[in-house]
Amino acid sequence: MTWIKICGMTNLDDALAAADAGANALGFIFYPKSPRYVTLETACAIVAKVPQHVEKVGVFVNESVDHVRDTANQLGLTAVQLHGEESTEFSRELFQGLANGSPRPMIFRTWPAKIFDAPAEQSVGWDPVAAGLVEPDEAYKGKRVHKIHVAKNGDLFLETHGFRPGVVSGVLLDSSTPQERGGTGQPFDWERVQPWAGIINSISKLIVAGGLRPGNVQEAIHLLHPWGVDVSSGVESEPGKKDSRKIRAFVQAVRAMEEAN
């Protein structure tokens with residue numbers, strides 16, 4: 001079953017509408033520059049009245065480890081989504097800081113999809129070890145052979161001389177930019193990213209965001225086969241205010257895609 005997150009929750013009515021429609025998770029954006037910014041107090045008030053089985057994801061941009069950890073603990077987050085320039089060292093420190101959670105919240109790392117939009121002749125691409133997705137096995141420590149390569153014919157392959165899961169549980173691909181951290185309403189080139197999606201799916205949880213809406217989410221799932229999908233502006237009537245009909249249509253489109261397969 002595809003994991004569905006409705007992001008940018010700012011009020012209880014929208015949160016209840018998402019939960020009632022069958023969304024798996026709600027997203028709360030703790031980034032003051034976002035039109036969907038929510039305070040911790042407001043988020044706590046919403047979460048207190050949402051069914052417990054619905055997951056809660058906090059979205060953070062270049063905050064301190066202590067701030068993210070404390071917010072996660074106070075709100076009972078099930079996942080933390082890092083949406084800035086946080087380093088892998090930051091993720092490792094946060095992973096340790098979240099150890100007291102039961103269960104420990106997952107860490108999702110957002111990457112702008114454009115980093116995978118590279119010419120086929122480029123020899124070396126993205127390194128999942130450096131990204132925190134996988135850890136080199138102890139038997140292979142020191143061997144930096146865990147990179148994704150692009151062959152001259154465009155084929156991708158992952159060198160894996162032994163690895164284990166890293167501190168980052170999932171990759172969220174978005175059409176974000178340094179100026180716009182998300183909520184752009186514009187999809188990225190799914191076909192261009194498709195080969196990379198297969199690699200990410202093989203070692204982690206792939207979550208697709210950016211410009212999704214009820215009318216195109218099935219195509220995104222068909223091309224990328226993600227573990228999850230994340231929508232915000234695509235189910236809104238205005239920034240920060242959701243449209244319950246669009247939320248329901250989005251969830252129904254995802255579930256219909258599953259039934260067809």
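Keep in mind that this is a model prediction, so the values were computed, not measured.

**What to know about the environment of isoleucine 200**
Reasoning step 1: Within the fold, isoleucine 200 resides in helix α5 (residues 190-203).
Reasoning step 2: In this structure the C-alpha to C-alpha distance between isoleucine 200 and glycine 170, which are 30 residues apart in sequence, comes to 8.7 Å.

**Quick notes on the pattern of salt bridges**
Note on pairing: side chains with opposite charge can pair once their charged atoms come close.
Reasoning step 1: Under the definition given, this model contains 10 salt bridges.
Reasoning step 2: Residue aspartate 66 pairs with arginine 69 through a salt bridge whose shortest N-O separation is 3.1 Å. Taken together, the residues span about one helical turn, with aspartate 66 and arginine 69 both in helix α3 (residues 65-75) at a distance of 3 residues.
Reasoning step 3: Owing to a relative accessible area of 42%, aspartate 66 belongs among the partly exposed residues under this scheme.
Reasoning step 4: Between arginine 255 and glutamate 258 there is a salt bridge; the shortest N-O distance is 2.9 Å. Here arginine 255 pairs with glutamate 258, and both are found in helix α7 (residues 244-260), just 3 residues apart, close to one helical turn.
Reasoning step 5: Among the residues examined, arginine 255 registers a relative accessible area of 15% and is labelled buried.
Reasoning step 6: Among the charged side chains, a salt-bridge network with shared partners connects Arg36, Glu236 and Lys242.

**Looking at the packing of aromatic side chains**
Reasoning step 1: Following the criterion strictly, the structure yields 4 aromatic pairs and no others.
Reasoning step 2: On the numbers, 5.3 Å between centres and 25° between planes, the contact of phenylalanine 30 with phenylalanine 60 is stacked. Of this pair, phenylalanine 30 sits in the loop between β2 (25-29) and α2 (40-47) while phenylalanine 60 is found in strand β3 (residues 55-60), placing the two residues 30 residues apart along the sequence.
Reasoning step 3: Phenylalanine 60 sits in the buried class, given a relative accessible area of 0%.
Reasoning step 4: Put simply, the rings of Trp3, Phe108 and Trp227 pair up and form one aromatic cluster.
Reasoning step 5: A cation over a ring is seen here: arginine 104 above phenylalanine 95, with NZ or CZ 3.8 Å from the ring centre.
Reasoning step 6: Across from the ring centre of tryptophan 227, 5.5 Å away, lies the NZ or CZ of lysine 205, which sits over that ring.

**Side note on the packing of helix α6 (residues 217-224) against α7**
Reasoning step 1: Between α6 and α7, the least distance of the axes is 9 Å, while the angle of their chain directions is 35°. Of the two possible hands of crossing, α6 and α7 adopt the one that is right-handed. Contacts from Val217, Gln218, Ile221 and His222 of α6 reach α7 at Phe250, Ala253, Val254, Ala256 and Met257.
Reasoning step 2: Its residues placed into classes, the contact of α6 with α7 shows 7 nonpolar, 2 polar and no charged.

**Regarding the sheet that holds strand β11 (residues 205-208)**
Reasoning step 1: What the 8 strands build is a closed barrel, ordered β1-β2-β3-β4-β5-β10-β11-β12; its pairing is parallel. Strand after strand, the sheet turns through a mean of 25° between neighbouring axes, direction not considered.
Reasoning step 2: Summarising the sheet, β2 and β3 pair through 5 bridges and their orientation is parallel. Counted as the bridge partner of alanine 25 is glutamate 55 from β3.
Reasoning step 3: Docked against the sheet, α5 engages β10 (170-174) and β11, running at close to 155° with respect to β11.

Rules and cut-offs
Residues numbered from 1 in each chain as written. Predicted model: local features only at pLDDT ≥ 70, side-chain atom pairs only at ≥ 80, totals over all residues. Heavy atoms only, no water. Helix = DSSP H or I, 4+ residues; strand = E, 2+ residues; numbered from the N terminus. Salt bridge = Lys/Arg side-chain N within 4 Å of Asp/Glu carboxyl O. Buried < 20%, exposed > 50% of the residue type's maximum accessible area, 1.4 Å probe, protein only. Phe/Tyr/Trp six-rings, centres within 6.5 Å; stacked < 30°, edge-to-face > 60°. Lys NZ or Arg CZ within 6 Å of the ring centre and 35° of its normal. Axes fitted to C-alpha atoms, helices over the stretch in contact; angles between N-to-C directions. Left-handed = near helix turned anticlockwise from the far one by under 90°. Contact = heavy atoms within 4.5 Å. Nonpolar A, V, L, I, M, F, W, Y, C, P; charged D, E, K, R; others polar. Pairing = 2+ DSSP bridges.

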